[in-house]
Amino acid sequence: MAIVESPEGPIVLRAPTEAEAIAIEDKLRESKRKRGPEEPSGSLYDNGVQEVLACVLSPSKEVLDTDDGLLGLYPGLFDRMVAEVRREGGYHIGLVDCPEAIDAQTLATFKRRAVGFAYGDVKIVSRRLSWPEFQSIEGGANFWSELAALGRNCLVSHKTDEDKAALFAGRPYLAMDLGLSLWRLARGLVETKAKKSESA
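**Q** Quick one: what's the story with the pairing of strand S6 (residues 122-127), residue by residue and with numbers?
**A** Counting buried residues in S6 gives five out of six residues, a clear majority hidden from the surface. The pairing of strand S5 (residues 114-119) with S6 spans six bridges and is antiparallel. Pairing of Phe117 across the sheet is with Ile124, part of S6. A loop of two residues connects S5 with S6, the two strands running antiparallel in sequence, and Gly120 in this loop sits at a positive phi of about 65°.

In structure tokens:
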């Protein structure tokens, strides 16, 4: 549990489910997207607030209402609530390269397409995105849900449904992180010491 202190008392939050975490990230991303003058801006108001409110254990949603409640009086509390929901969900953990996670059989099967990661104390092996998978990423309003689905589909270290369920249980950001890491690998960008653009 996490606590956000407000001028009118503490707000107690739980970790999000994976579905809630994906919805929060997709809606936050879409609400911050720059729009042209002709585009509707309805998503400015749908920034994942309902999913974040679903993670609140106390006080009641009525007390936190965005019109007449605490979020109406102190809209900046929302950003702090998002930060705590993310922290509770493991948003900050991230994947790190871990080539030693790849066993000999997986390496023989996937060769250079096998990628090893560590997520906290868990070792994960995935395969790289294929050409069609990479091309399928639209990057629109459902960017994080697309990446989470690809992260799950490319996982090779946890083969059975039970193994996969155990891996993702209590790790709502893992599938998104895995998809994002695979997407970055597929882009083939190399960071140089000078950090110059390829077109510079």
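**Q** Tell me about helix H5 (residues 77-89), residues and numbers included.
**A** With 13 residues, H5 should reach 18 Å at 1.5 Å per residue; the first-to-last C-alpha distance of 18 Å fits that figure. For H5, the full list of buried residues reads Leu77, Phe78, Met81, Val82, Glu84, Val85, Arg86 and Gly89. Gly90, located one to two residues past H5, shows a positive phi value of around 90°.

**Q** Tell me what's going on with the sheet that holds S5, and back it up with residues and numbers.
**A** Across the sheet, which stays open at both edges, the three strands sit in the order S4-S5-S6 with antiparallel pairing between neighbours. Looking along the sheet, the strands with just one partner apiece sit at the ends: strand S4 (96-97) and S6. Looking at chain direction, S4 and S5 are connected through two bridges and run antiparallel. Note that in S5 the partner of Val96 across the bridge is Ala118. Together, S5 and S6 form the strand contacts of helix H10 (residues 174-187), whose direction differs from that of S5 by roughly 140°.

Thresholds, definitions, all that
Residues numbered from 1 in each chain as written. Predicted model: local features only at pLDDT ≥ 70, side-chain atom pairs only at ≥ 80, totals over all residues. Heavy atoms only, no water. Buried < 20%, exposed > 50% of the residue type's maximum accessible area, 1.4 Å probe, protein only. Helix = DSSP H or I, 4+ residues; strand = E, 2+ residues; numbered from the N terminus. Pairing = 2+ DSSP bridges. Expected span 1.5 Å × (residues − 1). Contact = heavy atoms within 4.5 Å. Axes fitted to C-alpha atoms, helices over the stretch in contact; angles between N-to-C directions.

So yeah, pure geometry; function would need other evidence.
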